[in-house]
Amino acid sequence: SKADKKGQYLFYNNLISVQIMRKMEIQHELARALERGELSVHYQPQMSMREEKLVGVEALARWFHPSLGNVFPDEFISVAEESGMIHDLDLFVFRRACEDLYALSSNGEGALKLSVNISPVQLTEPEFFCDLVDICTSVGIAPERITLEITENVFIHGFDIVKPLFAKLRQQGFGLSLDDFGTGYSSLSYINSLPLTEIKIDRSFINKFLDFYQSDMLVRMIVGIGRLCGLVVVAEGVETKSQLDKLLNYDCDLVQGYYFDRPLTIEQLSEKVELCKE
Ligand code: C2E
Ligand code: CA
Ligand code: CA
Ligand code: CA
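Residues numbered from 1 in each chain as written. Chains lettered and ligands numbered in written order. Predicted model: local features only at pLDDT ≥ 70, side-chain atom pairs only at ≥ 80, totals over all residues. Heavy atoms only, no water.

*Asks:* Go over unusual backbone geometry with me, naming the residues and quoting the values.
*Replies:* Peptide bonds are trans in most cases, and residues, glycine excluded, mostly fall at negative phi. With phi around 50°, Glu52 is a residue other than glycine that occupies positive phi space. With respect to the helices and strands, Glu52 occurs in the loop between strand 1 (39-48) and strand 2 (53-65). Among the residues examined, Glu52 registers a relative accessible area of 48% and is labelled partly exposed. Even without glycine at this site, Asp251 takes up a positive phi of about 75°. Of note, Asp251 is situated in the loop between helix 10 (241-249) and strand 9 (254-256). (Helix = DSSP H or I, 4+ residues; strand = E, 2+ residues; numbered from the N terminus. Buried < 20%, exposed > 50% of the residue type's maximum accessible area, 1.4 Å probe, protein only.)

*Asks:* So what about the environment of Leu169? Which residues, and what values?
*Replies:* Topologically, Leu169 is positioned in helix 6 (residues 159-172). Along the backbone, Leu169 and Gly110 are 59 residues apart, and their C-alpha atoms lie at a distance of 23 Å. Apart from residues lying up to four places away in sequence, Leu169 is in contact with Leu123, Phe129, Leu132, Leu148, Phe174 and Leu176. (Contact = heavy atoms within 4.5 Å.)

*Asks:* Tell me about the coordination of the calcium ion (ligand 2), and please be specific about residues and values.
*Replies:* At 2.1 to 2.3 Å from the calcium ion (ligand 2) lie its protein donor atoms, namely Glu58 (OE), Asn117 (OD1), Glu149 (OE) and Asp179 (OD). The metal-metal distance between the calcium ion (ligand 2) and the calcium ion (ligand 3) is 4.1 Å, with Asp179 coordinating both. With Glu58 in strand 2 and Asp179 in strand 6 (residues 175-181), the pair connects residues that are 121 residues apart, well separated along the chain. On the accessibility criterion, Glu58 (5% relative accessible area) is buried. Given the relative accessible area of 6%, Asp179 is considered buried. (Donors = N, O, S within 2.8 Å, 3.2 Å for Na, K, Ca; no water.)

*Asks:* Outline the coordination of the calcium ion (ligand 3), listing residues and values.
*Replies:* Note on the calcium ion (ligand 3): its protein donors are Asp179 (OD), Asp180 (OD), Glu236 (OE) and Glu236 (OE). The metal-donor distances range over 2.3 to 2.5 Å. Along the chain, the residues donating to the calcium ion (ligand 3) are arranged with the sequence spacing D-D-x55-E. On the basis of relative accessibility, which here comes to 25%, the residue Asp180 falls in the partly exposed class.

*Asks:* Explain the environment of Gly69 to me, using residue names and the numbers behind them.
*Replies:* Relative to the helices and strands, Gly69 resides in strand 3 (residues 69-71). C-alpha separation for the pair Gly69 and Gly7, spaced 62 residues apart in sequence, amounts to 30 Å. The residues contacting Gly69, other than those within four sequence positions of it, are Trp63 and Phe64.

Encoded structure:
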């Protein structure tokens, strides 16, 4: 009936305005989140497949707001990218993660590796390169311990801009990982034309590779190509033992996912590291 339609219309209209309001509030509040100390960093363990040993962590941004509660990165990273705040945000995460990891263990043999997400937006900021190097120097952490995770969106800037930047970062010692690998449309062409050290198979493939032949073959192929090209291959979003077993079979190098750990606070991570020592 007409009344129903109108009700529905109002309902959706309200739903949309609630979403818009939330986004506006996030935009507004994010601007001050850093100075108010509301942002923190969690660490998700990366395990080596062959030894089932903790070898590194991925740093993930977290935001707790007094009235909005926990806001997750999928909601605030895009806002930060649009507003330009991503620059300060990523540098905050980078510095904090370097400090935390350095405090956990200095650079010697067996020191945990660190992976940090870098937004494609900020990769082309002129000071960005120097900022990363300065932070490493001031904290005392070797760039060789750090892998920068970058998604294929980086190529909105064009290959000619990205390639020399990647080369410069590599020269400095940073590892370079292509994140969400397989979701873009030309992933394969990047493998042999960029100085990558790692590819990270997207969670959406790991989700379903036990159930769908096509995804299975894709995962198998990506691991194979990565390994043949001498890259570290990481699978993210591993949640079950059967996924793990199959990835081991395919000779994947590293796994990350709820099967082992959710992203941990630095306190939880250091407890885990202590336990591993015993
Ligand atoms: P991502 O880089 O692909 O990170 C992996 C995401 O998958 C994380 O979500 C992680 O918590 C989640 N995850 C890990 N294991 C599992 C699993 O077994 N099952 C499921 N269902 N999920 C799993 P999170 O922390 O919400 O981050 C979402 C995205 O936000 C990240 O995706 C990354 O693109 C971005 N992000 C997070 N922190 C930062 C940051 O500091 N800077 C930038 N630029 N982006 C960030
Ligand atoms: Ca990542
Ligand atoms: Ca990813
Ligand atoms: Ca992702």
